[in-house]
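Coordinates in review
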Amino acid sequence: MNFNRLREIVGRVANLSRRAAGLGLGVFGLRAGAVAGDLSPNTSNGYNLPMGVTDISHEIYDLHMLVFWICVGIAVVVFGAMIFSLLKFRKSQGAVADTSMVHSTKVEIVWTVIPVIILVVMAVPAAETILKMEDTRNSELSIRVTGYQWKWQYQYLNDAEGINYFSTLSQDSNFARQLHSGIDPKTVPNYLLSVDKPMVVPSGTKVRLLLTSMDVIHAWWIPDFGAKRDAIPGFINELWFKVTPGKEGIYRGQCAALCGRDHGFMPIVVDVRTPADFQKWVEEQKAALNPAAVPAAAPAPAPAAAPEPIKTARLN
Amino acid sequence: MANAHPIAHDDHHDQPAAGIKRWLFATNHKDIGTMYLVFSLVMFFVGGAMAMVIRAELFQPGLQLVDPVLFNQMTTNHALVMIFGAVMPAFVGLANWMVPLQIGAPDMALPRMNNFSFWLLPFAFTILLSTFFVPGGAVAGGWTMYPPLVLQTGDAFPMLIFAVHLMGVSSIMGAINVIVTIMNMRTPGMTLLKMPIFCWTWLITAYLLIAVMPVLAGAVTMLLMDHFFKTSFFNAAGGGDPLMFEHVFWFFGHPEVYIMILPAFGIVSEIIPTFARKPLFGATSMIYATASIGFLSFIVWGHHMFADGMPMAAQLFFMMSTMLIAVPTGVKVFNWTATMWRGSMSFEPPMLFAIGFLFMFTIGGFSGVMLAIVPSDFQYQNSYFVVAHFHYVLVPGAVFAIMGAVYYWLPKWTGNMYNITLAKTHFWLSTIFVNVLFFPQHFLGLAGMPRRVPDYAVQFSDWNMVSSIGGFGFGLVQILFAIAVIQCIRGGKKASAEVWDGARPVGLEWSIPSPAPYHSFTTPPALHPAEVRRS
């Protein structure tokens, strides 16, 4: 089946069911998705999914809220009926059981068919979003992401070829997270969510990640991008995201697959810059890689491939 | 009657053997059922203690109590102990006690195998728990045992595999016993559709067990081969695929989820009609719904792996099949609600637990539907949202049903009524704390906290602290359960044969005296009049 044709059909049905759900979403005003205080690693308000900064993350958020409100609706009806029964049909209130009420084919057909319809309403927009998420064609920048116990390696391809470095938990978090460190995590900026060298990507650009691993299975996850995918040794998984222009900034996530002792300590940080700033960063990195060729380059950060060796006393 | 039997060597079957021999050589379904249930309770507290360590470490950000390795050992073993040691043996124990009593059989069909399948378990768990003392420490790669991580386990690795094999053998034998008993030993006149729902759900569960435990055994054997015999089933460098393990594991793992909930459905379907004084609504459709869930459980395993990199067509298929499960599950919830509708309800402890199950299992069902939606699942997967989801279906779901079953049938087993006030206190405190414990975990997951982490970013502090308080409370309150059960075994107000006089207990188990005599239904009973009424 033609991929685009399938998408078009699914898309049309999806719009219908979105519109039907739109009312519920609007009334409760939960789409605001304002960036929470400084503490938040993402645009989540602390108890709900982040709206995020990509089209996909917005679609996921809408889908999440659609399904959530459908569930709330069903819950009101079902729990309502249960609570009504619990209040009304009590022996202590003199209720007498209607023992003849044992079966009703009509009712049973109704409560089988209605859920099926509701499920279709949810499945169609979901399918539409899946098609978009899986469409990794026409990417403008590819980065090979390799998981290690317990850090990430970013190797840039395309025009940024040659940029290659590791990204590890930042020193201050690493000191504070040791057992009995005596350091209050609240005093550490972005505790467990900051790295020595983040991934840098341009906004408004379709970035494709090629994920793999050198040891065990890891998972790369930035909630604000609606992007999560496993990094599996020996295989390459694809993932793409395109940050909406104007949403440049720092976005944070964590490894999302148990990968051993320091699974909780290999954060993912992405620094989204404007395409121009990104280009500047690429030039800097290339200059740093090859200092002889560009003697006049501005002082660049330390060569990337050598993260500071982290020495911490194991106190246990 | 055995008393009148002319051959003397049969006499020793009349009364339980003295001392430890009664338990070591037990072939009586009631003794074996009791051993399963006691074992399960012990494991519930062992696994619960591990959960307390987990919640204590997560009480605030930073590492205060345990290092990350011990933390991972706790999460891994908490899951293994609770799944294979607490929930599954509890259901097998209930089946041992109640299936023969409900179908009017004198015992399980294969009593010696029954003995063997129980006694494997203490050895399996001794092996599993002793890994805490071997070089390299206990298994810490998650109960899902994903390679390559699990292959990094030290000396505990072969012990884990052996323990899992023993648990699997035990489960398969238990399942065979249930199937053979139900298929061959029903009292005359009890057609399959007249059989009590608890037996029905267990029958389907038993088939699921026989179908999938060998798959688990195969998966862990391949791990063993990869580790010791240089095969490459799951090693990409040798042409294998780590993802294949996940496929095989979840082909076992998803039916396993229903193995842990279908008998709970059966229990709730027994309790609600009793205390609503009204027959189960749509009893036949309940059976079909259970069978549908059993069938669907084989074709949804991929939903555990959406984020692993799956072809789009597979994502769509597993999303649709998973969502379909909501339909028969919904039918069940609606049927239970309809059973309460126009009933005459009273709220004895078993009923309280059944109603608690109904509400909180449904909450877990809702989050299950949300998780089925692939795009959103990318955000939920491996976050605390998943932790909240499966704990809602397993704790106020399966565990509440087990406790409800104990409170329902305990007077039948012991002949004594337990302390009702204590049991009600246990229910209400458990219900409050279990929600304080697990509800905030939805928020944590949505806000972006991954699961299986010993430490977290500071913006997750508040909900974690709330969750931990709920956890400590829930853990402590379970001591009330142990007290209520032990008190009841020791004595108390005598229970009548029907136990729930004034309610509407239906089934052959209520036609024999309380406590149930050591040997019951030595001749097939006539079908209980109420059984006929049900259909």
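Residues numbered from 1 in each chain as written. Chains lettered and ligands numbered in written order. Predicted model: local features only at pLDDT ≥ 70, side-chain atom pairs only at ≥ 80, totals over all residues.

**A short note on the overall build of chain A**
Secondary structure assignment for chain A yields 5 helices and 10 strands. Within chain A, buried positions represent 42% of all 316 residues. Across chain A, the fraction of contacts at a sequence separation of at least 24, relative to all contacts at a separation of at least 6, is 67%. (Helix = DSSP H or I, 4+ residues; strand = E, 2+ residues; numbered from the N terminus. Buried ≥ 20, exposed ≤ 12 C-beta atoms within 10 Å, placed from the backbone. Contact = placed C-beta atoms within 7 Å.)

**Here's the deal with the overall build of chain B**
Broken down by element type, chain B carries 16 helices and 0 strands. Relative to the compact-globule value of 24 Å for 535 residues, chain B shows a C-alpha radius of gyration of 23 Å, a close match. With respect to the three principal axes, the spread of C-alpha positions in chain B is 70 × 50 × 45 Å. Each of the 535 residues in chain B was classed as buried or not, and the buried ones make up 63%. Summarising the internal contacts of chain B: among those between residues at least 6 apart in sequence, 81% fall at separations of at least 24. (Rg over C-alpha atoms; globule rule 2.2 N^0.38 Å.)

**Thoughts on the packing of helix 10 (residues 312-340) of chain B against helix 11 (residues 349-372) of chain B**
Residues and elements named next belong to chain B. Helix 11 packs onto helix 10 with a crossing angle of 160° between their chain directions and a minimal axis gap of 10 Å. As far as their axial angle goes, helix 11 and helix 10 are roughly antiparallel. As helix 10 runs across helix 11, the sense of the crossing is left-handed. Residues M319, T322, M323, A326, T329, V333 and W336 of helix 10 lie in contact with helix 11, whose contacting residues are L358, T362, G365, V369 and A372. Split by residue class, the contact of helix 10 with helix 11 holds 8 nonpolar, 4 polar and no charged. (Axes fitted to C-alpha atoms, helices over the stretch in contact; angles between N-to-C directions. Parallel < 35°, antiparallel > 145°, perpendicular 65-115°, else oblique. Left-handed = near helix turned anticlockwise from the far one by under 90°. Nonpolar A, V, L, I, M, F, W, Y, C, P; charged D, E, K, R; others polar.)

**Observations regarding the interface of chain A and chain B**
Interfaces are frequently sized by the accessible area removed from exposure as the parts join. Contact residues are listed per partner, giving 85 residues for chain A and 74 residues for chain B. Elements with a contribution of two residues or more to the side of chain A that touches chain B: helix 2 (55-88), helix 3 (105-133), strand 7 (227-231) and strand 9 (249-254) of chain A. Among the residues making up the side of chain A that touches chain B, the classes are represented as 49 nonpolar, 22 polar and 14 charged.

**With respect to the domain arrangement of chain A**
Residue and element names in this part refer to chain A. What the domain assignment lists for chain A is domain 1 (3-91 + 104-133) and domain 2 (141-289). Across the boundary between the two partners, domain 1 contributes 12 residues, which contact 13 residues of domain 2. For the side of domain 1 that touches domain 2, the per-class residue count stands at 5 nonpolar, 6 polar and 1 charged. (Domains from an automatic or database assignment.)

**Here we look at the environment of A:D196**
Take A:D196: it is sitting in the loop between helix 4 (171-176) and strand 4 (199-202). Overall, A:D196 belongs to the partly exposed group, with 19 C-beta atoms counted inside 10 Å.

**A short note on the sheet that holds strand 5 (residues 207-213) of chain A**
All names here are of chain A. If you walk across this open sheet you meet the 5 strands as 3-2-1-5-8, and the pairing is mixed. Each having just a single partner strand, strand 3 (164-167) and strand 8 (237-241) make up the two edges of the open sheet. Taken over all neighbouring pairs, the strand axes of this sheet differ in orientation by 25° on average, direction set aside. Pairing of strand 5 with strand 8 involves 5 bridges; the strand directions are antiparallel. Bridging from a neighbouring strand, L210 pairs with E238 of strand 8. (Pairing = 2+ DSSP bridges.)

**Structural notes on the sheet that holds strand 10 (residues 267-273) of chain A**
Within a beta sheet, neighbouring strands are joined by backbone hydrogen bonds and run either parallel or antiparallel to one another. All names here are of chain A. With mixed pairing, 3 strands are arranged side by side in an open sheet as 4-10-9. In this open sheet, the two strands that pair with only one neighbour each are strand 4 and strand 9. On average, adjacent strands in this sheet sit at an angle of 25° to one another, irrespective of strand direction. Here strand 4 runs beside strand 10; their pairing, made up of 4 bridges, is parallel. Bridge pairing in strand 10 places V201 opposite V272. Together, strand 4 and strand 10 form the strand contacts of helix 5 (residues 275-289), whose direction differs from that of strand 4 by roughly 135°.

**Notes on the nonpolar core**
Formed by 271 residues in total, the largest nonpolar core has its most connected members in B:V87, B:V268 and B:F357. In terms of residue count, the dominant contributor to this core is helix 13 (residues 384-414) of chain B (22 residues). Taken together, domain 1 (3-91 + 104-133) and domain 2 (141-289) of chain A each give at least three residues to this core, which thus spans both. Setting aside residues no more than four positions away along its own chain, B:F357 makes contact with B:A264, B:V268, B:P396, B:G397, B:F400, B:A401 and B:G404. (Core = buried A, V, L, I, M, F, W, Y, C linked by C-beta atoms within 7 Å.)

**Quick notes on the packing of helix 8 (residues 262-276) of chain B against helix 9 (residues 283-296) of chain B**
Residues and elements named next belong to chain B. Packing of helix 8 against helix 9 leaves a shortest axis separation of 11 Å and a crossing angle of 170°. Relative to helix 9, helix 8 is oriented roughly antiparallel. Packed against helix 8, whose contacting residues are L262, F265 and S269, the element helix 9 presents M286, T290, I293 and G294 at the interface.

**Topic: unusual backbone geometry**
Glycine aside, the phi torsion of most residues is negative, and most peptide linkages are trans. Here A:Q149 and A:W150 are connected by a cis peptide whose omega angle stands at 0°. Inspection of the secondary structure puts A:W150 in the loop between strand 1 (141-148) and strand 2 (151-156). Omega for the peptide link from B:S514 to B:P515 comes to -5°, which places this bond in the cis form. Backbone geometry places A:N190, a non-glycine residue, at a positive phi of 50°. Secondary-structure assignment places A:N190 in the loop between helix 4 and strand 4. In this model, B:V499 sits at a positive phi of 60°, which is unusual for a non-glycine residue.

**Considering the pairing of strand 7 of chain A**
All names here are of chain A. Counting buried residues in strand 7 gives 5 out of 5 residues, a clear majority hidden from the surface. In this structure, strand 6 (residues 218-222) lies alongside strand 7, joined through 5 bridges in antiparallel fashion. Bridge assignment links A219 to a residue of strand 7, and that residue is D230. Taking the residues between adjacent antiparallel strands as the criterion, strand 6 and strand 7 are bridged by 4 residues, where G226 takes a positive phi near 60°.

**Regarding helix 13 of chain B**
All names here are of chain B. Remark: the principal bend of helix 13, roughly 40°, maps to Y408, with a proline, P411, within the next four residues. Judged by how many residues are buried, helix 13 sits mostly within the fold: 30 of 31 residues are covered. G415 lies just past helix 13 and shows a positive phi near 85°. (Bend = angle between axes of the 7 residues up to and from the residue.)

**Here's the deal with the environment of B:I20**
Relative to the helices and strands, B:I20 is located in the segment before helix 1 (21-24). Remark: the alpha-carbon pair of B:I20 and B:P349, spanning 329 residues in sequence, is separated by 33 Å.

**Overview of the confidence of the model for chain B**
Averaged over all residues, the pLDDT of chain B equals 93, while 96% of them reach at least 70. Our summary of model confidence lists the complex with pTM equal to 0.90 and ipTM equal to 0.91. (pLDDT = per-residue confidence, 0-100.)

**Describing the confidence of the model for chain A**
Residue and element names in this part refer to chain A. Per-residue confidence for chain A averages 83 on the pLDDT scale, and 78% of its residues sit at or above 70. Ignoring residues within four places in sequence, the model shows residues 19-40, a span with pLDDT below 50, making 20 contacts including any to other chains. Segment residues 295-316 is flagged for pLDDT under 50; beyond a separation of four residues in sequence, or across chains, it makes 28 contacts in the model.

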